[in-house]
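Coordinate analysis (summary)
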Amino acid sequence: LAQEQGRTLISHESIYRFIYHRVAQADYWHRLLPQHKYRRGRLYRGGLSPVKTIKKRNPLGKRPCEANERRVSGHWEADLMLCARYKAVLVLQERVTRYTHAVRQMTKKAEDTLINMMTYFANLPHHMRRSVTFDN
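Residues numbered from 1 in each chain as written. Predicted model: local features only at pLDDT ≥ 70, side-chain atom pairs only at ≥ 80, totals over all residues. Heavy atoms only, no water.

1. A word on the environment of R71
Following the sequence through the fold, R71 ends up in the loop between α3 (65-69) and β1 (75-83). Taking C-alpha positions, R71 is 6.5 Å from V96, a pair spaced 25 residues apart along the chain. (Helix = DSSP H or I, 4+ residues; strand = E, 2+ residues; numbered from the N terminus.)

What follows is the structure, given as structure tokens:
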């Protein structure tokens, strides 16, 4: 490259290949990388969506009509936000009043999410717990 271009050219890909090759030989070059990873993350192939991998997934179109129109209270939206500091935050929002409840979880496991939701909804009147739709 130095003879052809008059200067040394090297791509970022070559640098990463070198570092990860050295990792395989028990060197610690990966510590120089911004994320200090031993290896690269997965390369997703085009067109694959993580939504397609969710088992027994129900689309938003199957939500009750009254929940879409925001006329009847008691229909909730839920989302699990992942963050470095708090691990996971379960956010529940009632669709009519827009009342929002957030609770910190140490994991994103379904069991922990269900326990937190059941604890919260147990204290609500029956007419305020009609349905829950997750944003997935």
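2. Examining the nonpolar core
Generally speaking, soluble globular proteins have nonpolar side chains that are buried together. If you look at the biggest cluster of nonpolar residues, it comprises nine residues: W76, A78, L90, L92, M117, Y120, F121, L124 and M128. Mapped onto this core, the elements with two or more residues apiece are β1, β2 (87-94) and α4 (110-122). Of the residues forming this core, the biggest block, three residues, is contributed by α4. Apart from residues lying up to four places away in sequence, W76 is in contact with L92, Q93, E94, Y99, Y120, F121, L124, M128, R129, S131, V132 and T133. (Core = buried A, V, L, I, M, F, W, Y, C linked by side-chain atoms within 4.5 Å. Buried < 20%, exposed > 50% of the residue type's maximum accessible area, 1.4 Å probe, protein only. Contact = heavy atoms within 4.5 Å.)

3. Some thoughts on the side chain of T133
With respect to the helices and strands, T133 occurs in strand β4 (residues 131-134). Judged by its relative accessible area of 14%, T133 is buried.

4. Structural notes on the pattern of salt bridges
Counted by the stated rule, this structure contains two salt bridges. Across the pair E69 and R71 runs a salt bridge whose closest N-O atoms are separated by 3.6 Å. Looking at R71, the relative accessible area reads 67%, which means it is exposed. E77 is the partner of R95 in a salt bridge, and the nearest nitrogen-oxygen pair spans 2.2 Å. Here the residue R95 occupies a position in the loop between β2 and β3 (100-105), and E77 occupies one in strand β1, the gap between them amounting to 18 residues. (Salt bridge = Lys/Arg side-chain N within 4 Å of Asp/Glu carboxyl O.)

5. Describing the pairing of β3
Across six bridges, the pairing between β2 and β3 is antiparallel. Bridging from a neighbouring strand, V89 pairs with R104 of β3. Following β2, the chain reverses through five residues before pairing antiparallel with β3; R98 in that reversal takes a positive phi of roughly 65°. (Pairing = 2+ DSSP bridges.)

6. A word on the sheet that holds β2
Spatial strand order, β3-β2-β1-β4: four strands in an open sheet with mixed pairing. Both outer strands of the open sheet, β3 and β4, are each paired with one neighbouring strand and no more. Taking the axes of each pair of neighbouring strands and ignoring which way they run, one obtains an average angle of 25° across the sheet. Two elements, β1 and β4, share four bridges in a ladder whose sense is parallel. When the bridges of β4 are listed, W76 appears paired with V132. (Axes fitted to C-alpha atoms, helices over the stretch in contact; angles between N-to-C directions.)

Distances and angles like these do not, on their own, reveal function.
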